[in-house]
Amino acid sequence: MPVIALLNQAGEKVSDLNLNEEIFGIEPNRQVVYDVVNCQRAAMRQGTHDVKNRTEVRGGGRKPWRQKGTGRARQGSIRAPQWKGGGVVFGPTPRSYAFKLNKKVKQLGFKSALSFKVQNEKFIAVDTFVFDANKTKNFKEFLSNVKAEGKTIVLCSREELTENAINSARNIENVFLTPCDNVSVYELLCFDKVVATKAAVEYYEEVLK
(Lines give C-alpha, C1' and ligand atoms only; values in the text may rest on other atoms or scores of the structure.)
Protein backbone atom coordinates (compact mmCIF):
# COMPACT_ATOMS: atom_id res chain seq x y z
CA MET A 1 0.00 0.00 0.00
CA PRO A 2 1.54 3.35 -1.04
CA VAL A 3 2.12 5.73 1.87
CA ILE A 4 2.85 9.43 1.34
CA ALA A 5 3.10 12.41 3.64
CA LEU A 6 -0.03 14.47 4.22
CA LEU A 7 0.96 18.14 4.42
CA ASN A 8 -0.86 21.18 5.69
CA GLN A 9 -1.08 24.51 3.91
CA ALA A 10 2.22 25.60 5.46
CA GLY A 11 4.01 22.55 4.06
CA GLU A 12 4.35 20.80 7.41
CA LYS A 13 3.72 17.08 7.67
CA VAL A 14 0.47 16.34 9.48
CA SER A 15 0.44 12.56 9.20
CA ASP A 16 1.01 9.65 6.84
CA LEU A 17 -1.65 9.06 4.20
CA ASN A 18 -2.34 5.48 3.16
CA LEU A 19 -3.40 5.37 -0.48
CA ASN A 20 -5.58 2.67 -1.96
CA GLU A 21 -3.24 0.28 -3.76
CA GLU A 22 -5.85 -0.60 -6.40
CA ILE A 23 -6.01 3.04 -7.48
CA PHE A 24 -2.68 4.65 -6.64
CA GLY A 25 -0.38 1.61 -6.65
CA ILE A 26 -1.03 -0.36 -9.85
CA GLU A 27 1.41 -0.96 -12.68
CA PRO A 28 0.57 1.79 -15.22
CA ASN A 29 -0.84 0.40 -18.46
CA ARG A 30 0.79 2.48 -21.19
CA GLN A 31 -1.48 1.23 -23.99
CA VAL A 32 -4.64 2.07 -22.06
CA VAL A 33 -3.29 5.51 -21.18
CA TYR A 34 -2.55 6.11 -24.87
CA ASP A 35 -6.07 4.99 -25.85
CA VAL A 36 -7.74 7.21 -23.24
CA VAL A 37 -5.67 10.29 -24.13
CA ASN A 38 -6.29 9.67 -27.82
CA CYS A 39 -10.03 9.44 -27.15
CA GLN A 40 -10.05 12.66 -25.12
CA ARG A 41 -8.02 14.60 -27.68
CA ALA A 42 -10.25 13.34 -30.49
CA ALA A 43 -13.34 14.57 -28.64
CA MET A 44 -11.71 18.00 -28.31
CA ARG A 45 -11.47 18.43 -32.10
CA GLN A 46 -14.09 20.75 -33.56
CA GLY A 47 -14.36 18.94 -36.88
CA THR A 48 -15.65 22.07 -38.65
CA HIS A 49 -13.43 21.65 -41.73
CA ASP A 50 -15.33 21.74 -45.01
CA VAL A 51 -14.72 21.94 -48.77
CA LYS A 52 -17.18 22.33 -51.63
CA ASN A 53 -17.93 19.42 -53.91
CA ARG A 54 -19.16 19.81 -57.50
CA THR A 55 -22.76 20.35 -56.37
CA GLU A 56 -21.80 23.28 -54.11
CA VAL A 57 -19.41 25.38 -56.23
CA ARG A 58 -20.80 28.29 -58.23
CA GLY A 59 -21.49 27.97 -61.96
CA GLY A 60 -21.30 25.02 -64.32
CA GLY A 61 -24.99 24.74 -65.04
CA ARG A 62 -24.52 24.52 -68.81
CA LYS A 63 -22.72 21.82 -70.77
CA PRO A 64 -19.49 23.51 -72.04
CA TRP A 65 -19.73 22.05 -75.55
CA ARG A 66 -21.74 19.47 -77.41
CA GLN A 67 -21.13 15.81 -76.80
CA LYS A 68 -19.77 14.86 -80.23
CA GLY A 69 -18.06 16.39 -83.21
CA THR A 70 -15.61 18.80 -81.58
CA GLY A 71 -12.64 16.45 -81.34
CA ARG A 72 -12.32 17.22 -77.64
CA ALA A 73 -13.08 15.02 -74.70
CA ARG A 74 -16.68 15.00 -73.60
CA GLN A 75 -17.46 17.31 -70.67
CA GLY A 76 -20.63 17.80 -68.71
CA SER A 77 -19.76 20.76 -66.49
CA ILE A 78 -16.96 23.26 -66.00
CA ARG A 79 -17.27 22.61 -62.26
CA ALA A 80 -16.26 18.93 -62.51
CA PRO A 81 -13.19 18.08 -60.34
CA GLN A 82 -10.73 18.12 -63.27
CA TRP A 83 -11.54 21.75 -64.11
CA LYS A 84 -9.93 24.76 -62.47
CA GLY A 85 -12.42 26.07 -59.90
CA GLY A 86 -14.20 22.73 -59.85
CA GLY A 87 -15.43 20.82 -56.84
CA VAL A 88 -13.18 18.74 -54.58
CA VAL A 89 -13.46 14.96 -54.65
CA PHE A 90 -13.65 13.19 -51.27
CA GLY A 91 -12.64 16.36 -49.39
CA PRO A 92 -13.15 16.88 -45.63
CA THR A 93 -16.66 17.66 -44.43
CA PRO A 94 -17.89 18.58 -40.93
CA ARG A 95 -17.90 15.56 -38.66
CA SER A 96 -17.28 14.46 -35.09
CA TYR A 97 -14.01 12.72 -34.29
CA ALA A 98 -15.27 11.40 -30.96
CA PHE A 99 -15.28 7.67 -30.37
CA LYS A 100 -16.37 5.49 -27.47
CA LEU A 101 -14.26 3.77 -24.87
CA ASN A 102 -15.57 1.36 -22.29
CA LYS A 103 -16.01 2.75 -18.78
CA LYS A 104 -13.55 0.27 -17.27
CA VAL A 105 -10.90 1.24 -19.82
CA LYS A 106 -11.32 4.92 -18.90
CA GLN A 107 -11.04 4.07 -15.20
CA LEU A 108 -7.92 2.00 -15.77
CA GLY A 109 -6.38 4.91 -17.67
CA PHE A 110 -7.11 7.25 -14.76
CA LYS A 111 -5.69 4.79 -12.23
CA SER A 112 -2.58 4.36 -14.37
CA ALA A 113 -2.03 8.13 -14.54
CA LEU A 114 -2.44 8.55 -10.78
CA SER A 115 -0.20 5.57 -10.03
CA PHE A 116 2.48 6.92 -12.39
CA LYS A 117 2.52 10.23 -10.53
CA VAL A 118 2.73 8.52 -7.12
CA GLN A 119 5.51 6.13 -8.20
CA ASN A 120 7.58 8.99 -9.60
CA GLU A 121 7.08 11.13 -6.47
CA LYS A 122 5.15 13.75 -8.39
CA PHE A 123 2.00 13.43 -6.29
CA ILE A 124 1.60 15.76 -3.28
CA ALA A 125 -1.23 15.42 -0.78
CA VAL A 126 -2.47 18.25 1.43
CA ASP A 127 -5.16 18.07 4.09
CA THR A 128 -6.98 21.15 2.77
CA PHE A 129 -6.41 24.79 1.91
CA VAL A 130 -8.24 28.00 2.76
CA PHE A 131 -7.64 31.42 1.22
CA ASP A 132 -9.09 34.44 2.99
CA ALA A 133 -8.37 36.94 0.22
CA ASN A 134 -7.99 37.16 -3.56
CA LYS A 135 -4.20 37.30 -3.55
CA THR A 136 -1.96 35.53 -6.03
CA LYS A 137 0.86 35.87 -3.51
CA ASN A 138 -0.96 33.58 -1.06
CA PHE A 139 -1.39 30.81 -3.61
CA LYS A 140 2.23 31.09 -4.73
CA GLU A 141 3.30 30.83 -1.10
CA PHE A 142 1.15 27.71 -0.68
CA LEU A 143 2.77 26.04 -3.72
CA SER A 144 6.21 26.99 -2.46
CA ASN A 145 5.44 25.51 0.99
CA VAL A 146 4.45 22.12 -0.45
CA LYS A 147 7.39 22.22 -2.92
CA ALA A 148 5.28 22.13 -6.07
CA GLU A 149 7.65 23.59 -8.63
CA GLY A 150 7.12 23.73 -12.39
CA LYS A 151 3.86 22.92 -14.15
CA THR A 152 1.37 21.99 -11.43
CA ILE A 153 -2.25 20.90 -11.40
CA VAL A 154 -4.13 21.37 -8.11
CA LEU A 155 -7.10 19.08 -7.45
CA CYS A 156 -9.69 19.79 -4.78
CA SER A 157 -13.32 19.16 -3.93
CA ARG A 158 -16.13 21.44 -5.06
CA GLU A 159 -16.45 22.78 -1.50
CA GLU A 160 -12.77 23.76 -1.39
CA LEU A 161 -12.98 25.49 -4.78
CA THR A 162 -13.91 28.89 -3.39
CA GLU A 163 -13.94 32.16 -5.31
CA ASN A 164 -10.87 33.32 -3.37
CA ALA A 165 -8.97 30.18 -4.38
CA ILE A 166 -9.95 30.53 -8.04
CA ASN A 167 -8.99 34.22 -8.20
CA SER A 168 -5.71 33.59 -6.36
CA ALA A 169 -4.59 30.84 -8.74
CA ARG A 170 -5.85 31.97 -12.14
CA ASN A 171 -2.99 34.39 -12.92
CA ILE A 172 -0.14 32.02 -12.04
CA GLU A 173 1.63 30.69 -15.10
CA ASN A 174 1.69 26.89 -15.53
CA VAL A 175 -0.68 26.35 -12.57
CA PHE A 176 -4.16 24.89 -13.05
CA LEU A 177 -6.72 24.69 -10.25
CA THR A 178 -9.69 22.41 -10.96
CA PRO A 179 -12.23 20.29 -9.08
CA CYS A 180 -11.28 16.62 -8.81
CA ASP A 181 -14.43 15.48 -10.63
CA ASN A 182 -13.64 17.58 -13.69
CA VAL A 183 -10.10 16.53 -14.61
CA SER A 184 -9.02 14.24 -17.44
CA VAL A 185 -6.13 11.83 -17.89
CA TYR A 186 -4.77 14.14 -20.58
CA GLU A 187 -4.69 17.07 -18.13
CA LEU A 188 -3.01 14.96 -15.44
CA LEU A 189 -0.20 14.00 -17.81
CA CYS A 190 0.28 17.56 -19.09
CA PHE A 191 1.58 18.70 -15.70
CA ASP A 192 4.76 17.74 -13.85
CA LYS A 193 3.29 17.81 -10.34
CA VAL A 194 -0.13 16.90 -8.99
CA VAL A 195 -1.26 18.53 -5.73
CA ALA A 196 -4.42 16.94 -4.35
CA THR A 197 -6.34 17.62 -1.19
CA LYS A 198 -7.38 14.77 1.09
CA ALA A 199 -10.98 15.24 -0.08
CA ALA A 200 -9.87 14.75 -3.70
CA VAL A 201 -7.97 11.56 -2.80
CA GLU A 202 -11.02 10.19 -0.99
CA TYR A 203 -13.19 11.06 -4.00
CA TYR A 204 -11.00 9.00 -6.34
CA GLU A 205 -10.90 6.11 -3.91
CA GLU A 206 -14.68 6.15 -3.89
CA VAL A 207 -15.46 6.49 -7.61
CA LEU A 208 -12.60 4.41 -9.07
CA LYS A 209 -12.89 1.37 -6.81
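Residues numbered from 1 in each chain as written. Predicted model: local features only at pLDDT ≥ 70, side-chain atom pairs only at ≥ 80, totals over all residues. Heavy atoms only, no water.

*Asks:* So what exactly am I meant to see when it comes to the pairing of strand 6 (residues 193-197) here?
*Replies:* When a strand is regular, its side chains alternate between the sheet's two faces. Of all the five residues making up strand 6, five are buried; the element is thus mostly covered by neighbouring parts of the structure. The alternating pattern of strand 6 places Lys193, Val195 and Thr197 on one face and Val194 and Ala196 on the opposite face, and all of these are buried. Where strand 3 (residues 123-126) and strand 6 come together, four bridges link them in parallel fashion. Its bridge partner being in strand 6, valine 126 is matched across the sheet by threonine 197. For strand 4 (residues 152-156) and strand 6, the ladder comprises four bridges, and the chain directions are parallel. Counted as the bridge partner of threonine 152 is lysine 193 from strand 6. (Buried < 20%, exposed > 50% of the residue type's maximum accessible area, 1.4 Å probe, protein only. Helix = DSSP H or I, 4+ residues; strand = E, 2+ residues; numbered from the N terminus. Pairing = 2+ DSSP bridges.)

*Asks:* Looking at this model, I keep getting lost on the layout of surface pockets. Mind explaining?
*Replies:* Space left empty within the atom packing is revealed by a probe, the size of a water molecule, rolled over the atoms. As a volume, the largest pocket reaches approximately 300 Å³. When contributions to the lining of the largest pocket are tallied by element, the ones reaching two or more residues are helix 2 (30-44), helix 3 (103-119) and helix 7 (198-207). The leading source of residues in the lining of the largest pocket is helix 3, at four residues. Looking at side-chain class alone, the lining of the largest pocket contains 11 nonpolar, four polar and three charged residues. Taken as a whole, the second largest pocket encloses approximately 200 Å³ of empty space. In terms of lining residues, the second largest pocket is bounded by Glu27, Pro28, Asn29, Arg30, Val33, Tyr34, Ser112, Ala113, Phe116 and Leu189. Secondary structure elements with two or more residues in the lining of the second largest pocket: helix 2 and helix 3. (1 Å grid on protein atoms, 1.4 Å probe; cavity = no way out; pocket = protein on both sides within 12 Å on 5 of 7 lines; lining within 4 Å. Points joined across faces, edges and corners; volume = space filled by probe spheres on them. Nonpolar A, V, L, I, M, F, W, Y, C, P; charged D, E, K, R; others polar.)

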